[in-house]
Amino acid sequence: MRQWVGRKQKMAKITSWKDKKARVFGELVAILGEENVSENLAVRAGYRLAGRLSPLGKPPKIVALPRTVEHVQQIVKLANKENVSILPICGGSSTRSSDADILLDMMMMDKILKIDPENSYVLVEPGVTFAHLDPILRKLNYVIPRGSNPMTVSAAGNLAVNRSVDNNFSGRRGDQALGVEVVLFDGTILRTGLAALGTDYWQYSSKEVPDLKGIFMNAATHAPILGIITKAAIRIWPAMEARAVPIAGFEEFENTFKYCKVLVDAGIVDQTTIWNWVLVGMTDRRAGERGGQDDLDFLNYRMKAGYTEPYRGLRTYYAMASCRGFKEQVEVYEKLCERIAREQGGKVLSEEELQNTIPHCAKLVRLWWKDYNFGDQKEKAQHMWSIGGEGQADSWYIQGWVDDLIKVEKVFAPRLMEKYGFLAAPLICRVYETGQGGHLRYVPGSDVLDDFQIKRHAKIRKEMNDWVKENFPNVQPTSGSMHIDTFPNPMIDVLNKIRDVLDPNHIGYKAGEARLEPEVEDEEKATGTAAATA
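These numbers come from a predicted model, not from an experiment.

Conventions and cut-offs
Per chain, the residues get numbers from 1 upward, laid out in the order the sequence is written. Owing to the predicted nature of the model, reporting of local features is limited to residues with pLDDT of at least 70; listing and counting of side-chain atom pairs is limited to 80 or more, with chain, interface and lining totals taken over all residues. In computing side-chain values, all of the structure's heavy atoms are included and hydrogens and water are not. Salt bridges are defined by distance alone: a side-chain nitrogen of Lys or Arg within 4 Å of a carboxyl oxygen of Asp or Glu. Each helix is a run of H or I in the DSSP string that is no shorter than four residues. Each strand is a run of E no shorter than two, and both are numbered from the N terminus. Think of it in three bands: residues with accessible area under 20% of the maximum for their type are buried, residues over 50% are exposed, and the middle band is partly exposed, with areas taken using a 1.4 Å probe on protein chains only. In this text, buried Ala, Val, Leu, Ile, Met, Phe, Trp, Tyr and Cys residues form a nonpolar core when linked through side-chain atoms within 4.5 Å. Pairing of N or O atoms within 3.5 Å defines a polar contact, subject to two protein rules: one partner must be a possible hydrogen donor and the other a possible acceptor, and residues neighboring in sequence count only if both atoms are side-chain atoms. Any two strands with at least two DSSP bridges between them are considered paired. Multiplying one less than the number of residues by 1.5 Å gives the expected span of a helix. What we call the bend at a residue is the angle made by axes fitted to the seven residues finishing there and the seven residues starting there. The contact rule is simple, with two residues in contact once any of their heavy atoms fall within 4.5 Å.

J.: Which residues make up the pattern of salt bridges, and what values do they have?
T.: In total, this model carries 20 salt bridges according to the counting rule given. Of the charged contacts in the structure, one is a salt bridge between Arg 172 and Asp 270, with a shortest N-O distance of 2.5 Å. Of this pair, Arg 172 sits in the loop between helix H5 (155-161) and strand S8 (177-183) while Asp 270 sits in the loop between helix H7 (253-265) and strand S14 (271-276); the two residues are 98 residues apart in sequence, bridging distant segments of the chain. Given the relative accessible area of 0%, Asp 270 is considered buried. Taken together, the salt bridges that share partners define one network made up of Arg 172, Asp 270 and Arg 324.

J.: Break down the nonpolar core for me, with residues and values.
T.: Grouped together as the largest cluster of nonpolar side chains are 72 residues, with contacts concentrated most on Tyr 259, Trp 275, Met 320 and Leu 440. Ranked by residue count, the leading element in this core is helix H14 (residues 402-420), at 8 residues.

J.: Give me the lowdown on the environment of Trp 275, citing residues and values where you can.
T.: The topology assignment puts Trp 275 in strand S14. Overall, Trp 275 belongs to the buried group, its relative accessible area being 2%. Of the polar contacts made by the side chain of Trp 275, one reaches the side chain of Thr 273; its length is 3.4 Å.

J.: Outline the pairing of strand S13 (residues 247-250), supporting the account with residue identities and numerical values.
T.: Because side chains alternate across S13, one face comprises the buried residues Ile 247 and Gly 249, and the other comprises Ala 248 and Phe 250, equally buried. Bridge count between S13 and strand S15 (residues 317-325): 4 bridges; the pairing is antiparallel. Residue pairing across strands places Ile 247 opposite Met 320, the latter belonging to S15.

J.: Quick rundown of H14? Include the residues and the values.
T.: In this model, H14 (19 residues) spans 26 Å end to end at C-alpha, consistent with the 27 Å of a helix rising 1.5 Å per residue. The principal kink in H14, of about 30°, is found at Val 408. Taken together, the buried positions of H14 are occupied by Val 402, Asp 404, Leu 405, Ile 406, Val 408, Glu 409, Phe 412, Ala 413, Leu 416 and Tyr 420. Turning to H14, the residues buried within the fold contact H7, S15, strand S18 (396-400), strand S19 (427-431), strand S20 (438-442) and helix H15 (451-471). Following H14 by one or two positions, Gly 421 has its phi on the positive side, about 75°.

Listed below in structure tokens is the structure:
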């Protein structure tokens with residue numbers, strides 16, 4: 001009898017969940033219209049990925065597409081009333097899981113609210129993509145620092161929510177967001193920096209008010225979500241009258257990284273980026289659409305080559321630096337790059353050497369960072385980087401001080417090859433703002449046809465990350481499912497206390513806190529057992 005009562009209670013709980021979900025869905029339709037709300041599994045499944053090459057998780061229960069700030073405020077009030085969780089996302093933002101009760105896809109909020117060349121910023125909603133913004137800015141001889149991001153993703157998502165350091169001006173300023181507008185979880189609208197005082201002045205540095213924007217950024221990735229970003233003020237930069245992209249070749253990574261640091265420290269360049277021979281070789285062959293035997297020869301060589309054994313004619317490492325300014329300035333910058341490369345044991349490659357060895361790669365890099373002409377070339381590059389002979393490509397970041405990263409680089413890729421049998425991995429590196437550290441970005445391939453392979457790959461990634469943390473305590477691997485709440489330090493305690501104040505009902509999504517329905521397995525067991533007993 002007691003067992004039957006327990007089953008009845010479980011069935012009643014399932015019915016209650018279903019009723020609640022139907023009620024929430026109906027209220028969302030009333031707010032947004034039925035064309036902007038879906039509980040269709042085919043739609044929801046499209047939001048399952050938790051970042052690049054993370055195991056497929058559960059889909060959200062409901063997908064909703066707000067179009068206005070008022071919509072977001074109404075949904076926040078609904079979530080509080082019904083005690084359900086919300087996860088906001090936009091194109092290119094990164095989430096560690098996606099099984100929220102309500103997933104807010106912010107890409108329908110796609111207005112460019114202001115373009116202000118005089119004060120070098122734009123004010124945009126989360127749905128504005130680089131493809132939308134870039135052509136408008138180019139007509140004004142300005143550029144937005146989109147870095148390695150595809151044209152199709154959100155400018156705010158990458159430069160304000162994710163706070164990406166992979167941007168075209170990372171050597172001058174890593175953080176490209178001046179401020180954000182946020183809907184808090186009680187429906188209040190907050191603007192950060194001096195814009196909080198009711199002005200349209202998005203300056204974040206002031207002795208009058210603290211800069212709060214940081215606690216709302218990167219929220220979907222590693223920290224509690226403390227609000228929903230609905231606008232972002234982002235820097236834009238003048239393209240100037242002259243630009244250049246010197247490409248230098250080196251045989252040692254230490255010399256390459258130090259060359260880049262000197263350039264950034266001196267304020268000569270907007271950004272530097274280092275590519276190893278693997279990435280340069282892949283890019284040159286695919287950008288030129290050579291295919292055929294040449295591509296096969298490169299792939300076959302890479303199958304057995306050591307990490308520092310470049311393919312014929314290639315340097316081991318390449319450093320690309322982009323500079324802009326007045327014509328006379330840029331001429332001096334190019335000469336300085338030649339001098340500093342020599343002093344660091346490398347060489348700025350002549351046009352003849354580039355054309356004889358990596359003509360297509362050089363053309364592509366100049367198209368991006370000299371002409372600021374991305375077009376469809378970035379998407380083509382993303383594709384060709386993802387088919388380097390071993391399937392899909394992952395992306396593993398390691399951040400730290402320059403000297404520490406040099407030590408890591410000597411042993412990381414060789415260990416990945418020797419212990420786990422990976423091919424020599426492509427490598428991209430940057431030195432950050434005014435020389436304050438940088439990152440290594442390995443792009444190892446992975447044959448990930450199903451969840452089992454993805455989980456295997458994620459296990460290797462975690463083991464490598466743990467090994468790095470154990471042996472290099474001053475660097476931080478940031479790829480994969482790293483959560484800051486796993487760290488034994490006061491930061492997560494502070495953030496959770498802030499969450500308790502700003503979001504007392506904890507409607508801001510946190511992994512594992514979905515509330516609209518039980519596990520599918522439990523529902524099937526409960527309904528099956530009850531039917532059998534009846």
